[in-house]
Amino acid sequence: EMQLPEQSRKIGFSLARQSINVVAEDDVPTVVKSLLRTMTKITSAKIIRMVRNQCNSVSLGTQYLVLQVINNMSRIDSAIPRYFLKQLKKGTVLNVFDVSLLLHFSMSRESETRALQCLVDAVAEGRLLEAVVVGVCKTSTESQEWAHLVTPLMAFVRYMLSSVV
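No experiment lies behind these values; they were computed from the predicted model shown.

So, how was this worked out
- Residue numbers restart at each chain and count upward from 1, following the sequence in its written direction.
- pLDDT decides what is reported in this predicted model: residues at 70 or higher carry local features, side-chain atom pairs at 80 or more are listed and counted, and totals for whole chains, interfaces and linings draw on all residues regardless.
- Side-chain calculation: all heavy atoms of the structure are included, whereas hydrogens and water are not.
- For helices the rule is a DSSP run of H or I covering at least 4 residues; for strands it is a run of E covering at least 2, with both sets numbered from the N terminus onward.
- Should any heavy atoms of two residues lie within 4.5 Å, those residues are counted as being in contact.
- One less than the residue count of a helix, multiplied by 1.5 Å, gives the span that helix is expected to have.
- Note on exposure labels: buried denotes an accessible area under 20% of the residue type's maximum, exposed denotes more than 50%, and partly exposed covers the range between, all computed with a 1.4 Å probe on protein chains only.
- To obtain the arc, one takes the directions from the helix axis to the C-beta atoms.
- We define a salt bridge as a contact between a side-chain nitrogen of Lys or Arg and a carboxyl oxygen of Asp or Glu at a distance within 4 Å.
- Computed over the protein atoms alone on a 1 Å grid, cavities are sets of points where a 1.4 Å probe fits but cannot get out and pockets are open sets with protein on both sides within 12 Å along at least five of seven lines; a residue lines them when it has an atom within 4 Å of a point.
- Grid points are joined across faces, edges and corners, and a volume is the space filled by probe spheres set on the points.
- Just so you know the grouping, Ala, Val, Leu, Ile, Met, Phe, Trp, Tyr, Cys and Pro go in nonpolar, Asp, Glu, Lys and Arg go in charged, and all remaining residues, Gly too, go in polar.
- Here a pair means two rings of Phe, Tyr or Trp (six-membered ring of Trp) with centres within 6.5 Å. Their orientation is stacked below 30 degrees between planes, edge-to-face above 60, and tilted elsewhere.
- Note on patches: the residues involved have over 30% relative accessible area and no salt bridge, like charges join within 9 Å, and the nonpolar side chains Val, Leu, Ile, Met, Phe, Trp and Tyr join within 5 Å.
- Accessible areas in this description were obtained via Shrake-Rupley with a 1.4 Å probe; residue shielding takes into account the shown protein chains only.
- His residues and chain termini do not enter the charge count, which takes Lys and Arg as positive and Asp and Glu as negative.
- In plain terms, the charge of a residue is placed at NZ if it is Lys, CZ if Arg, CG if Asp and CD if Glu.

## Re the overall build of the protein
Scanning the protein for helices and strands turns up nine helices and zero strands. Residue pairs in contact within the protein that sit at least 24 positions apart in sequence constitute 69% of those at least 6 positions apart.

So this is what it looks like as structure tokens:
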């Protein structure tokens, strides 16, 4: 992947930002990819808010595709997980997509501890509701495409228990 010149990034960000709320659901992963390509330290908070808001209104199948886009883009730009982790630590009440994303990040050696600690902090601060955890468990056991989250979910439980004891 080539880095875009600054002016092209600004144009790309503006176009993707304008289109995220009006595109068909099938196109959301493509728009998210465009947004992530234009992400900088300055735009990261706004982009993450847009992605999270959009994922609240799309199907689980589309959320899974967005999760895959974020994962793939994280391999290209190692700052992407840091930006997401920073945003999700800021007093945000976590939803099913957020927890799934954090569990996904926890499978990476680079962000494993930070992602798990973000989940523990959310529990301690009351930002991770039981219904959300149940939703993640239900999704990961009922849907084959989400089944890969069972292992990191169990790792989170072990990490959580070791943090308490």
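## Description of helix α8 (residues 130-142)
Each α-helix winds once per 3.6 residues, and so residues spaced three or four apart point in a common direction. The terminal C-alpha atoms of α8, which comprises 13 residues, lie 18 Å apart, in line with the 18 Å expected from a rise of 1.5 Å per residue. Turning to α8, its buried residues are Val132, Gly135, Val136, Thr139 and Ser140. Taken around the axis of α8, the buried residues stretch over an arc of 120°, which confines them to a single face. Counted as exposed and oriented over 90 degrees from the buried face of α8: Glu130, Ala131, Thr141 and Glu142.

## Let's talk about helix α4 (residues 60-76)
If you check α4, its first and last C-alpha atoms are 25 Å apart, about what 17 residues at 1.5 Å a residue would give, namely 24 Å. Every buried residue of α4 is listed here: Thr62, Gln63, Tyr64, Val66, Leu67, Val69, Ile70, Asn71, Met73 and Ser74. Next to the buried residues of α4 lie α2 (28-37), α3 (44-55), α5 (79-88) and α6 (96-106).

## Notes on the environment of histidine 104
Structurally, the position occupied by histidine 104 is in helix α6. If we skip the residues at most four places from it in the chain, histidine 104 touches Leu67, Gln68, Asn71, His148 and Leu149.

## Points about the pattern of salt bridges
Tallying each qualifying case throughout the model produces three salt bridges. Among the ionic pairs, lysine 89 bridges to aspartate 121, the shortest N-O distance being 2.7 Å. Of this pair, lysine 89 sits in the loop between α5 and α6 while aspartate 121 sits in helix α7 (residues 112-124), and the two are 32 residues apart along the sequence. By relative accessible area, which is 39% here, lysine 89 ends up partly exposed. Here glutamate 125 ties to arginine 127 by a salt bridge, and the two come within 2.6 Å at their closest N and O atoms.

## Notes on the layout of surface pockets
Of the volumes computed, that of the largest pocket is approximately 250 Å³. As for the largest pocket, its lining consists of Asn71, Ser74, Arg75, Ser78, Pro81, Arg82, His104, Phe105, Ser108, Glu110, Ser111 and Arg114. Contributing elements (two or more residues each) for the lining of the largest pocket: α4, α5 and α6. When residues in the lining of the largest pocket are grouped by element, the largest group, three residues, is from α4. For the lining of the largest pocket, the per-class residue count stands at two nonpolar, six polar and four charged.

## Structural notes on the packing of aromatic side chains
Summed over all chains, the structure comprises two aromatic pairs. Taking the centre distance of 5.5 Å and the plane angle of 65° together, the rings of tyrosine 64 and tryptophan 146 count as edge-to-face. Placement of the pair is tyrosine 64 in helix α4 and tryptophan 146 in the loop between α8 and α9 (150-164), with a sequence separation of 82 residues. Look at tyrosine 64 and you get buried, because its relative accessible area is 18%.

## Examining a positive patch on the surface
Taken together, Lys41, Lys46, Arg49, Lys86 and Lys90 make up a surface patch of like positive charges. When you line up the elements, lysine 41 lands in the loop between α2 and α3.

## Thoughts on a nonpolar patch on the surface
Nonpolar side chains collect at one region of the surface, where Val150, Met154, Val157 and Leu161 lie side by side and expose about 320 Å² of accessible area between them. In this fold, valine 150 is placed in helix α9. Look at valine 150 and you get partly exposed, because its relative accessible area is 34%.

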